[in-house]
Amino acid sequence: MNRRDPLGTPYQEGFLADLRELQRESPKTLVQVARGALNGDLLKVRLRLATGSMSRSPGGMEAHDIEDLVVLIPSSPLAPPVVGVTHDRFLGVPHVLSDGQLCVYLDPAREWNPLVGARGFLDRLFRWFEDALADRFDADTALFHAVGGLQYAHGNAEPVVCREEFDDPRRLSLAWLSRHGANARLDLHRTQRRPEDERVLVLRMPGPLYTGAGRSVYEVLRELGEPDAASALRALQARVARRRSDEAGSVHLVVNVPHPASTVTSLLVGQVDLRDAADMSVCDRPIEWCRLYDERPSISTRRDKDRPVNAFHQSDVVILGCGGLGSWIAEYLVRAGCRSINLVDYGAVSGGHLVRQNFTEADVTDAKASALAEHLRAINPDLKVTASVGSTLSPDALDVLTGGGFIIDATVSNAMATYLSLLDVSSFERRAFVAQVATDVATGSLGMVVVAAPGTEVPTVDTAAGVHVTATGELEAYRTFWEVSEDDELVPARGCSVPTFHGSAADLAAVAAIQINIIGRHAGQQTSGTYLFALPHTGVAPGYVFLPHQSDTSG
């Protein structure tokens with residue numbers, strides 16, 4: 001190759017040229033930029049960085065006055081350069097991975113700006129060293145720090161999901177792997193769920209694994225130290241013998257790794273292939289690490305905790321009507337973490353419903369309540385779902401009415417509103433929050449929510465705020481909720497047919513989302529009243545209004 005031939009892409013050559021220009025500008029800081037070499041599609045460049053003038057703090061990373069770095073420049077500006085070292089002096093420092101990579105960009109999607117080029121990259125690299133030497137990194141939040149900072153995922157190993165805490169302090173303990181449906185997925189549990197679940201050995205390491213998790217059973221057991229390593233080997237051999245007697249092709253192993261700055265441990269799940277292991281001891285076997293989806297409550301945070309829908313978390317809900325609004329509302333509440341949901345609807349799914357309701361072609365001709373229940377179970381298998389095909393409240397629903405929770409009436413039915421109102425004035429002591437929701441027949445882009453706090457009267461939709469709206473000129477667009485117009489209705493077939501209405505899935509899902517946010521935000525208040533709102537594309541003003549019920553004196 002001619003020495004003048006370009007090594008990489010124009011972008012890589014330009015980035016390298018910029019680094020050299022910066023070295024000429026600041027030779028005492030960026031001491032050297034060596035000629036690069038291609039490593040696959042990455043341009044590998046060696047830098048010498050002066051850190052002697054940077055402030056040091058006790059506990060901070062210990063660095064030489066001159067540090068040699070390896071920078072890998074991608075072929076395009078879509079990703080930032082990767083920085084690493086070829087020694088292990090930095091192992092154990094937050095944001096240093098076990099393969100020597102420095103996490104200069106923790107979140108490249110937000111932190112890397114291609115427009116800043118080599119100058120911005122060097123600024124970032126200097127700040128990284130300044131923070132590391134001054135002990136300004138938080139070890140508690142360093143990514144995957146306890147196990148060398150790397151995500152493990154062998155191509156042959158099945159993925160594992162863990163949602164239970166593993167806080168057992170014993171060096172050796174047991175857990176179970178349960179196959180999830182027909183998928184290539186295993187769920188890790190502390191207790192056995194089914195007879196066919198695989199019993200697995202859990203090893204709790206005495207300390208962090210800064211150099212990584214190891215590539216063989218031997219390397220993992222070595223970290224335990226004696227006599228625990230010998231005990232673990234005997235236990236693992238027993239598990240291997242049992243798996244072989246069951247004609248299983250593999251045995252799994254769980255490794256629980258303490259974090260250097262947190263009480264929350266890191267989990268690893270490894271798979272040992274037994275199919276060709278007749279002439280090898282288990283200690284010599286390689287470990288294929290599974291991709292672990294670690295969803296333990298101690299390390300995961302619900303991103304909706306400060307949103308209105310958090311009002312439904314661990315709540316009991318009754319949905320009356322599983323159509324254009326109820327089918328979407330039910331899904332949003334399940335994703336919000338409600339504890340149980342009771343679905344009531346007498347209708348069946350038809351093909352025409354698919355343009356606006358939360359069903360699929362496979363649901364056509366099925367009862368809406370039953371089809372929606374299956375959909376919700378697919379979102380959360382642990383959810384308690386009850387489907388009632390009909391129009392009356394089941395005993396479970398009545399329990400919610402008196403025991404507390406949410407009753408959401410999406411039937412847009414005078415009869416149901418009257419029924420709820422009569423229940424309210426009967427001998428029932430209502431503790432549930434009742435909300436009635438509706439959208440306009442013509443477009444499905446206006447919304448109404450009638451909220452009735454516990455201890456207040458449950459009004460019918462027709463009488464709650466209709467008098468005020470029809471008498472107020474600026475609310476003219478909302479009169480549709482109280483006016484009947486045959487022109488609004490679309491009859492899908494000639495003759496006597498079940499009327500349906502206009503409105504897209506986007507409109508109805510948006511209206512439903514606003515309605516549950518309104519209900520969630522209003523929950524806990526003792527004021528009752530009627531909310532009216534319009535989607536932005538309608539141009540209706542005012543787009544949002546709340547009308548307290550006149551009979552409500554608490555507000």
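First, a word on what this report is: a plain description of the structure on this page. (Residues numbered from 1 in each chain as written. Predicted model: local features only at pLDDT ≥ 70, side-chain atom pairs only at ≥ 80, totals over all residues. Heavy atoms only, no water.)

Relative to the helices and strands, Thr-472 is located in the loop between helix H11 (466–471) and helix H12 (505–522). Taking relative accessible area as the criterion, Thr-472 reaches 17% and is therefore assigned buried. A polar contact is formed between the side chain of Thr-472 and the backbone oxygen of His-468, at a distance of 2.7 Å. (Helix = DSSP H or I, 4+ residues; strand = E, 2+ residues; numbered from the N terminus. Buried < 20%, exposed > 50% of the residue type's maximum accessible area, 1.4 Å probe, protein only. Polar contact = N/O pair within 3.5 Å; in protein donor to acceptor, adjacent residues only side chain to side chain.)

Right, let's get into helix H3 (residues 117–133). Between its terminal C-alpha atoms H3 stretches 25 Å, which fits the 24 Å expected from 17 residues at 1.5 Å a residue. Burial of H3 is extensive: twelve of the 17 residues sit out of reach of the surface. Listed in full, the buried residues belonging to H3 are Gly-117, Ala-118, Gly-120, Phe-121, Leu-122, Arg-124, Leu-125, Phe-126, Trp-128, Phe-129, Ala-132 and Leu-133. Asp-135 sits one or two residues past H3 and shows a positive phi near 60 degrees. (Expected span 1.5 Å × (residues − 1).)

If you walk across this open sheet you meet the eight strands as E17-E16-E15-E18-E19-E20-E21-E22, and the pairing is mixed. Strands at the two margins of the open sheet, each flanked by one partner only, are strand E17 (384–389) and strand E22 (544–548). Across the sheet, the mean angle separating the axes of adjacent strands is 15 degrees when strand polarity is ignored. Where strand E15 (residues 316–320) meets strand E18 (residues 405–409), four bridges bridge the pair, whose relative direction is parallel. Bridge assignment links Val-317 to a residue of E18, and that residue is Phe-406. (Pairing = 2+ DSSP bridges. Axes fitted to C-alpha atoms, helices over the stretch in contact; angles between N-to-C directions.)

The next subject is the environment of Glu-331. Mapping Glu-331 onto the fold places it in helix H6 (residues 326–335). Judged by its relative accessible area of 10%, Glu-331 falls in the buried class. Separated by 89 residues in sequence, Glu-331 and Leu-420 have C-alpha atoms that sit 23 Å apart. Contacts of Glu-331, omitting those with residues within four sequence positions, involve Asn-358, His-375, Leu-376 and Ile-379. Here the side chain of Glu-331 touches Asn-358 through a polar contact of 2.5 Å, side chain to side chain. (Contact = heavy atoms within 4.5 Å.)

Each strand in a sheet pairs with its neighbour through backbone hydrogen bonds, running either in the same direction (parallel) or in the opposite one (antiparallel). Taken in spatial order, the eight strands make up an open sheet running E13-E12-E11-E10-E8-E9-E7-E14, and their pairing is mixed. In the strand order of this sheet, the two ends are held by strand E13 (288–289) and strand E14 (292–294), each with one partner. Taken together, the three bridges between strand E7 (residues 160–162) and strand E9 (residues 186–189) define a ladder with parallel strand orientation. Across the sheet, residue Val-161 finds its bridge partner in E9, namely Asp-187. On the sheet, helix H4 (residues 217–224) packs against strand E10 (198–204), strand E11 (250–259), strand E12 (262–273) and E13 and is oriented at approximately 50 degrees with respect to E10. Sheet strands in contact with helix H5 (residues 228–245) are strand E8 (172–179), E10 and E11, and its direction is about 165 degrees off that of E10.

Negative phi values dominate among residues other than glycine, just as trans dominates among peptide bonds. The residue after Glu-226, namely Pro-227, is reached through a cis peptide bond having omega 5 degrees. Within the fold, Pro-227 resides in the loop between H4 and H5. Cis peptide bonds are those with omega within 30 degrees of zero, and the linkage from Ala-541 to Pro-542 qualifies with 0 degrees. Relative to the helices and strands, Pro-542 is located in the loop between strand E21 (529–534) and E22. Positive phi, close to 60 degrees, is recorded for Asp-135, a residue that is not glycine. One non-glycine residue, Val-412, lies in positive phi territory at about 50 degrees. As for its position among the elements, Val-412 is in the loop between E18 and helix H9 (414–425). Judged by relative accessible area, Val-412 falls into the exposed class, the value being 52%.

Worth remembering: the numbers are spatial, not functional.
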